[in-house]
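# Observations on the three-dimensional arrangement
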Amino acid sequence: MSKAAPFTRHAIALSVAMLLAACSPSHEDPSTQSPDQPGQASGDLPGASSSAGLPSGRIAAGEARAQVKGKATGQSCIDCHGADGNAPIDPTYPKLGGQYSDYLAHSLQAYRSGDRQHALMAPQATGLSDQEIADLAAYFASRPTQLRDLHGVK
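Calculation rules
- Residues numbered from 1 in each chain as written.
- Predicted model: local features only at pLDDT ≥ 70, side-chain atom pairs only at ≥ 80, totals over all residues.
- Heavy atoms only, no water.
- Helix = DSSP H or I, 4+ residues; strand = E, 2+ residues; numbered from the N terminus.
- Buried < 20%, exposed > 50% of the residue type's maximum accessible area, 1.4 Å probe, protein only.
- Contact = heavy atoms within 4.5 Å.
- Disulfide = S-S within 2.5 Å.
- Salt bridge = Lys/Arg side-chain N within 4 Å of Asp/Glu carboxyl O.
- Axes fitted to C-alpha atoms, helices over the stretch in contact; angles between N-to-C directions.
- Parallel < 35°, antiparallel > 145°, perpendicular 65-115°, else oblique.
- Nonpolar A, V, L, I, M, F, W, Y, C, P; charged D, E, K, R; others polar.
- pLDDT = per-residue confidence, 0-100.

The name recorded for the protein chain in an unreviewed UniProt entry is Cytochrome c, from Stenotrophomonas tumulicola.

With that settled, the discussion passes to the overall build of the protein chain. A tally of helices and strands in the protein chain yields six helices and zero strands. The order of helices and strands in the protein chain, counted from the N terminus, is α-α-α-α-α-α. Buried positions account for 27% of the 154 residues belonging to the protein chain. The contacts of the protein chain with a sequence gap of at least 6 include a subset with a gap of at least 24, amounting to 62%.

Applying the stated criterion to the full structure yields zero disulfides. Cysteine C80 is unpaired, with the sulfur of C77 as its nearest cysteine sulfur at 8.4 Å. Given the relative accessible area of 13%, C80 is considered buried.

By the definition in use, this model includes five salt bridges. Across the pair D79 and K69 runs a salt bridge, and its minimum N-O distance is 2.6 Å. Here D79 is found in helix α3 (residues 77–81), whereas its partner K69 is found in the loop between α2 (59–66) and α3, with ten residues between them in sequence. Between R143 and D84 there is a salt bridge, with its nearest N and O atoms 3.5 Å apart.

The subject of this paragraph is the packing of α2 against helix α6 (residues 130–142). In helix packing, the relevant descriptors are the interaxial angle and the interaxial distance, both defined with respect to the helix axes. Packing of α2 against α6 leaves a shortest axis separation of 7 Å and a crossing angle of 95 degrees. Our classification of the angle between α2 and α6 gives roughly perpendicular. Within the contact between the two elements, α2 uses I59, A61, G62, E63, R65 and A66 and α6 uses E132, D135, L136, A138, Y139, F140 and S142. Looking at the contact of α2 with α6 residue by residue, the classes come out as seven nonpolar, two polar and four charged.

Once that is clear, we can look at the confidence of the model for the protein chain. Reading predicted coordinates in detail is not appropriate for stretches of low pLDDT. Mean pLDDT over the protein chain stands at 79; residues scoring 70 or higher make up 69%. Residue range residues 23–47 is modelled with pLDDT below 50. Its contacts to residues more than four positions away, or to other chains, number 27 contacts.

Laid out in structure tokens, this is it:
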């Protein structure tokens, strides 16, 4: 083995460490994470940036917005998904409570733009501003979750 090999390995390891550090959020404070909501992504922490390119969501504003009846359907978010997003009126409607805020934001943006189609959701999302989408996403992400994954299912 040449004398340059250990140096090369150290240089590669250092480069990888620097790349990982550069890609990691520098503002993340583990003390703000809630142990009772382990499924929340770091992007759901207060003040964190959104992968959807939206402003920071405001939970209280999202809760208020979730109660506003849409002009297109005459329904509010909570009319169809339940107050915490966990009691949809139809079993085919998703539970929103505890879902990742970025997922909710991307979904609403897709409904708004027409990239995602649904007879009720597309018209509901059409008039939402970026801030309203961020607020709704923050509110439903902050709710208790009833979402389940397939861990332990046989």
